[in-house]
2 protein chains.
Amino acid sequence: MMSRLAPRWPAWLFWWRAACAQGVSAQQKTWAGASRIPGPGGPWGATGTSPLVRRGSSSAFSCAPEVALTRERYSVRRLPFSVVSEDDLAALERIVPGRVITDPEELEAPNVDWLRTVRGSSKVLLRPRTSQEVAHILRYCHERNLAVSPQGGNTGMVGGSTPVFDEIIVSTALMNQIVSFHNVSGVLVCQAGCVLEELSRYVEERGFVVPLDLGAKGSCHIGGNVATNAGGLRFLRYGSLRGTVLGLEVVLADGTILNCLTSLRKDNTGYDLKQLFIGSEGTLGVITAVSILCPPKPSAVNVAFLGCPGFAEVLQTFCTCRGMLGEILSAFEFMDAECMKLVGLHLHLACPVQESPFYVLIETSGSGAGHDAEKLSGFLEQVLGSGLVTDGTLATDQRRIKMLWALRERITEALSRDGYVYKYDLSLPLDRLYDLVSDLRARLGLHAKHVVGYGHLGDGNLHLNVTAEAFSPSLLGTLEPYVYEWTARQRGSVSAEHGLGFKKKDVLGYSKPPEALQLMQQLKTLLDPKGILNPYKTLPTRT
Amino acid sequence: MMSRLAPRWPAWLFWWRAACAQGVSAQQKTWAGASRIPGPGGPWGATGTSPLVRRGSSSAFSCAPEVALTRERYSVRRLPFSVVSEDDLAALERIVPGRVITDPEELEAPNVDWLRTVRGSSKVLLRPRTSQEVAHILRYCHERNLAVSPQGGNTGMVGGSTPVFDEIIVSTALMNQIVSFHNVSGVLVCQAGCVLEELSRYVEERGFVVPLDLGAKGSCHIGGNVATNAGGLRFLRYGSLRGTVLGLEVVLADGTILNCLTSLRKDNTGYDLKQLFIGSEGTLGVITAVSILCPPKPSAVNVAFLGCPGFAEVLQTFCTCRGMLGEILSAFEFMDAECMKLVGLHLHLACPVQESPFYVLIETSGSGAGHDAEKLSGFLEQVLGSGLVTDGTLATDQRRIKMLWALRERITEALSRDGYVYKYDLSLPLDRLYDLVSDLRARLGLHAKHVVGYGHLGDGNLHLNVTAEAFSPSLLGTLEPYVYEWTARQRGSVSAEHGLGFKKKDVLGYSKPPEALQLMQQLKTLLDPKGILNPYKTLPTRT
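Residues numbered from 1 in each chain as written. Chains lettered and ligands numbered in written order. Predicted model: local features only at pLDDT ≥ 70, side-chain atom pairs only at ≥ 80, totals over all residues. Heavy atoms only, no water.

1. Concerning the interface of chain B and chain A
Across the contact, 86 residues belong to chain B and 86 residues belong to chain A. Carbon and sulfur atoms make up 59% of the surface buried where chain B meets chain A, a total of about 6,800 Å² over both sides. Looking at the side of chain B facing chain A, the largest losses of area belong to Lys266(B), Asn268(B) and Tyr271(B), adding up to 15% of the total buried there. Our enumeration of links across chain B and chain A arrives at 10 salt bridges. A salt bridge links Arg265(B) to Asp459(A); its shortest N-O distance comes to 3.8 Å. At the boundary of chain B with chain A, the tally comes to 36 residue pairs in polar contact (both at pLDDT 80 or more). Elements supplying a minimum of two residues to the side of chain B that touches chain A: helix 8 (235–238), strand 8 (257–260), helix 10 (274–277), helix 11 (311–325), helix 13 (369–385) and helix 19 (514–527) of chain B. Here the element with the most residues in the side of chain B that touches chain A is helix 19 of chain B; it accounts for nine residues. (Contact = heavy atoms within 4.5 Å. Buried area = accessible area lost by both parts, 1.4 Å probe. Salt bridge = Lys/Arg side-chain N within 4 Å of Asp/Glu carboxyl O. Polar contact = N/O pair within 3.5 Å; in protein donor to acceptor, adjacent residues only side chain to side chain. Helix = DSSP H or I, 4+ residues; strand = E, 2+ residues; numbered from the N terminus.)

Set out below in structure tokens:
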């Protein structure tokens, strides 16, 4: 079939600027170095010099300026948990022999988030290998009233995976075994500490894909992805983890192991308990293993990168695209001109098309290369002919596809190099999605370095970022609660995919009614009556 | 695009037997009569004579033999709820004036499930129109300790929607308003009592489809679908309601309205409370409104109906199909020869292909008719050439597509006309899926009229049904716990999509560990401390 219908790409689509090629080589160099290494540049990019957090060294941070302690910057009051004693350390050593980390240097990295905006002062990090070890740890901590901060790849955006005070860090880094993979059903069962990119490679070799992809894939753990209900780049095609995660094993606050690790696509036996833990950011239980349904790997993938004259045209391009590409559309991302400026400035990536006010990245994934090429070609003719798109380029091979994706995926990294970043991750109605960016740009004027908007347009998800030379309470006061109130007026979400963690927990009320907050508190009390699991996170501070 | 690539179907694929055409006309006659009318034939088919339950008449049941009272057949002990008094009726009348039904004849139908296997003895049915009315009802019942049985279309398979004793039936029949539909995002917001088929028609006229389809669509309510986490025929393509339901409005046991009725694809603000209510069968709250994401309507739909020589070939056909049809595959259903025999015998539908031990129904839905036809044609050539399939027919127009679907969708109806039906709805590993049917057929011998297997193969979901002249405790004893133990050994689910309701609540332990059962009980106690919501359902009887 594929040979009968050779792709009919217009020649112009393969046009590629010299400038882009330059940018690409720089990007590829860092890509290789960055793919597994969270450090000052973060898990999304980086310098290639900083050792892995899970390898237990912290020299990456030695030359960076000190991050303010969370408890001081945000005036947090410590809850009345016990303090880890020598007896506790001895008991924990018996549970995970040789894997109780107390060296202050080794503890430096896991105490700080990759964005370098929050810092805890934990004195102990534990590295269990099995669910039973996690269960023993939690049973002990529960009895002793010791607070715990579960940590995966520490790649979160909202300070959810770092301690606030002296919580014991329970790292999933050594829980990195694949338990099983079924090569007919595509069901993968693995421990929570498996790195997303490694899982991805594993299943791709067997003809499947993980239904989740995100910029931090080289560092993030699948357990953390599930605990934060990560969205990412494949959401448009494969939907939420709430549908693709088939089962979980979770250790509850008192050390009970809750084994709901089934591999069944359908199971309506009682309440679906795993849903409680998806997206609850480690505050209701510690996820120790995951069963996830992997769809078959598409045999043909194409990426188009297009320039649009305005946001109205971006939206119309989306509608046209959804109609003409239908079931093969797998991503529709957008970024504004400011984003492109920053990836050029800080990462030396060049824009592959004519400068435009907006850019969109469209990915197709299908089972027939010829058919997909025809569909995409028809769509591109349509949007170019009608003026919705002013310029574009297309990639069909893996190398160029990665190059184009880098422009979008590495915006986070470019922003982090631009200064202090105020990050907002919002769900908004499509037709108002960009208004907030323009509005803020006018409102902030010269008080901000850059105000940028990008995100997963196909999911109604805007990443709004404001950069400044340094953290400033007055700029923060101009931004908040303004951004949240604006979002609430549109009945949007003040956290589309990043979660609430520490930094957003007090804005929950902008998206949820008081009755919902009350029920959330009741669930927390039911599942973690002493509140030892990831305290100071997700739920608003009780006043 | 479609005109450039005309479908290239081999001529044989359009071959259609005279016998089938006869069967079809009979089927179409009943189809029209059946689409909205649950009665003795049930919501899946029927005689066209029985009035709607929600229209408040029960003559449908007047000539049918009496159904045994659930409390007697199953020896259930009434829990210590209050009994509805005259004062209660007066108070309820003030809440829903003119919509308090106490006429015993009108109450006959809603007291019995459509399968005619369980019967309650409720003396009151209420018909609220708004969430506020539901809230007032529940607040009153909570204060008075009156038990409530929420009821949608009463099309469930496990006795979940009928009272067991004298619970007050709260019907969603008058809560049938569409609140909003967004024609770019495809988000539909509606009240819980909307009939699935009507919603389907509404969104299809606007270029979208409801991501859920099932045989009972003409009667079932969307609220009931969500409350039971219905699976159905589009699950393979659009996944679980846990991913496609974006928001819910729920009234809690004490009358609190929990408004989580957002229309956002992504929202990670706190715990996802709506998940608690999806699939909890009205035992944790009453769903009053639903927000659901409707995907764009595919422009091309094809259905192939094929005969396979054995179950191994059915499985191989599935693997081949998934590889070659990829993203356009929207259903893969199978049925055995016994099913075909029963739809022929009781519904006069003829087999459209040569008699075979197994049949599969494959549906494709895509955005390019020409491309889809090419893919399907290539696949069919492959499976016919390799002997996986021995005969087949194809439908590309709406009328013939419905005819082929009827063979699969109306099996339930054919079974109900065959006698008393022992129904099992199991998730099993694909390679063992049919073994249980063969095993049981041998085990039961002449004790059963028919042992049939069919279901959603693509989802690993087997519907195993055994028919007999009448209910027999000894046959039940041969079937249970054998079927459940067999399923548990395969780590399967004893209720894939039907839920537990009244009839399966005590087998929950075959699919979930004791720790899960305990947490479910705790959730029930948290959300419904007096246990007034749909008592005797979902959770095992406490001993």
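2. Structural notes on the confidence of the model for chain A
Where the model shows low pLDDT, its predicted coordinates should not be examined in detail. Confidence in the prediction of chain A, expressed as mean pLDDT, is 89, and 88% of residues score 70 or more. The ipTM value of the predicted complex is 0.89, and its pTM value is 0.90. (pLDDT = per-residue confidence, 0-100.)

3. Things to note about the sheet that holds strand 4 (residues 168–171) of chain B
Residues and elements named next belong to chain B. In space, the four strands of this open sheet follow the order 1-2-4-3, with mixed pairing throughout. The strands lining the two open edges of the sheet, one partner per strand, are strand 1 (100–101) and strand 3 (148–151). Note: strand 2 (residues 125–126) against strand 4, two bridges, orientation parallel. Its bridge partner being in strand 4, Leu 126 is matched across the sheet by Val 170. (Pairing = 2+ DSSP bridges.)

4. Digging into the packing of aromatic side chains
Residues and elements named next belong to chain A. Across all of its chains, the model carries 33 aromatic pairs over all chains by this definition. Relative to Tyr 202, the ring of Phe 181 lies with its centre 6.2 Å away and its plane at 90°, an arrangement referred to as edge-to-face. Taken together, the positions of Phe 181 in strand 5 (residues 178–181) and Tyr 202 in helix 6 (residues 196–204) put the pair 21 residues apart, joining distant regions of the chain. Residue classification places Phe 181 among the buried positions, given a relative accessible area of 17%. Between Phe 334 and Tyr 434 the ring centres are 6.2 Å apart and the planes differ by 80°, which places this aromatic pair in the edge-to-face class. (Phe/Tyr/Trp six-rings, centres within 6.5 Å; stacked < 30°, edge-to-face > 60°. Buried < 20%, exposed > 50% of the residue type's maximum accessible area, 1.4 Å probe, protein only.)

5. Some thoughts on the state of the cysteines
Inspection of the entire model under this criterion finds zero disulfides over all chains. Lacking any disulfide linkage, Cys319(B) is separated from the closest cysteine sulfur, that of Cys321(B), by 9.4 Å. (Disulfide = S-S within 2.5 Å.)

6. A closer look at the pairing of strand 14 (residues 420–427) of chain B
Residues and elements named next belong to chain B. Within strand 14, eight of the eight residues are buried, which leaves the element mostly enclosed by the surrounding structure. Of the two faces of strand 14, the one holding Tyr 420, Tyr 422, Tyr 424 and Leu 426 and the one holding Val 421, Lys 423, Asp 425 and Ser 427 are both buried throughout. Here strand 14 runs beside strand 16 (residues 461–468); their pairing, made up of eight bridges, is antiparallel. Residue pairing for strand 16: Val 421 is matched across the bridge by Thr 467.

7. Some points on the environment of Glu413(B)
Locating Glu413(B) in the fold gives a position in helix 15 (residues 411–416). A sequence separation of 20 residues divides Glu413(B) from Thr393(B), and the C-alpha atoms of the two residues are 24 Å apart.

8. A few points about the relation of the copies chain B and chain A
Both copies of the chain are tied together by a single rotation about an axis and a shift running along it. By a simple turn and slide, chain B fits onto chain A: the slide is 0.0 Å along the axis, the RMSD is 0.0 Å, and the turn is 180°. Such a turn and shift between the copies fits a two-fold axis. For chain B, the minimum C-alpha distance to the rotation axis belongs to Gly243(B) and amounts to 2.4 Å. Take the interface residues of chain B: 100% of them recur as interface residues in chain A, which is what a same-surface contact looks like. (Least-squares fit on C-alpha atoms with pLDDT ≥ 70 in both.)

9. A closer look at the packing of helix 11 of chain B against helix 13 of chain B
Residues and elements named next belong to chain B. Between helix 11 and helix 13, the least distance of the axes is 9 Å, while the angle of their chain directions is 150°. In terms of their interaxial angle, helix 11 and helix 13 are classed as roughly antiparallel. In this structure, helix 11 crosses over helix 13, and the sense of that crossing is right-handed. Across from Thr 317, Thr 320, Cys 321, Met 324 and Leu 325 in helix 11, the residues of helix 13 making contact are Lys 375, Leu 376, Gly 378, Phe 379, Gln 382 and Val 383. Across the contact of helix 11 with helix 13, the residue classes break down as six nonpolar, four polar and one charged. (Axes fitted to C-alpha atoms, helices over the stretch in contact; angles between N-to-C directions. Parallel < 35°, antiparallel > 145°, perpendicular 65-115°, else oblique. Left-handed = near helix turned anticlockwise from the far one by under 90°. Nonpolar A, V, L, I, M, F, W, Y, C, P; charged D, E, K, R; others polar.)

10. Focus on the environment of His182(A)
Residues and elements named next belong to chain A. Secondary-structure assignment places His 182 in the loop between strand 5 and strand 6 (187–191). For His 182, a relative accessible area of 36% translates into the label partly exposed. C-alpha of His 182 to C-alpha of Ser 263: the two residues are 81 residues apart in sequence and 9.5 Å apart in space. Within the structure, the side chain of His 182 is placed 3.1 Å from the backbone nitrogen of Ser 185, a separation counted as a polar contact.

11. What about the pattern of salt bridges?
Tallied over the full model, the rule gives 49 salt bridges over all chains. The partner of Lys266(B) in a salt bridge is Glu497(A), and the shortest N-O contact between them spans 2.8 Å. Taken as a pair, Lys266(B) in the loop between strand 8 and helix 10 and Glu497(A) in the loop between helix 18 (482–489) and helix 19 (514–527) lie in two separate chains rather than in one. Residue classification places Lys266(B) among the buried residues on the basis of a relative accessible area of 3%. One network of salt bridges, in which partners are shared, links Arg265(A), Lys266(A), Asp459(B) and Glu497(B).

12. A few points about helix 16 (residues 435–444) of chain B
All names here are of chain B. If you check which residues of helix 16 are buried, you get Leu 436, Val 437, Leu 440 and Leu 444. Buried residues of helix 16, viewed axially, fall in a sector of 100°; they line one side. Contacts made by the buried residues of helix 16 are with strand 11 (329–336), strand 14, strand 15 (450–456), strand 16, helix 17 (473–479) and helix 18 (482–489). Downstream of helix 16 by a residue or two, Gly 445 has a phi angle that is positive, lying close to 50°. (Arc of directions from axis to C-beta.)

13. Thoughts on the nonpolar core
By size, the foremost hydrophobic cluster in this structure holds 86 residues, and its most contacted members are Phe277(A) and Phe277(B). Aside from chain neighbours lying at most four places away, what touches Phe277(A) is Val226(A), Ala227(A), Leu248(A), Val250(A), Leu252(A), Leu258(A), Leu284(A), Gly285(A), Ile287(A), Leu527(A) and Leu519(B). (Core = buried A, V, L, I, M, F, W, Y, C linked by side-chain atoms within 4.5 Å.)

14. Focus on the pairing of strand 9 (residues 286–293) of chain B
Residues and elements named next belong to chain B. With eight of eight residues buried, strand 9 is to be regarded as a mostly interior element. Pairing between strand 6 (residues 187–191) and strand 9: five bridges, direction antiparallel. By the bridge assignment, Val 189 is partnered in strand 9 with Ser 291. Alignment of strand 7 (residues 245–251) against strand 9, held across six bridges, turns out to be antiparallel. Counted as the bridge partner of Val 245 is Ile 292 from strand 9.

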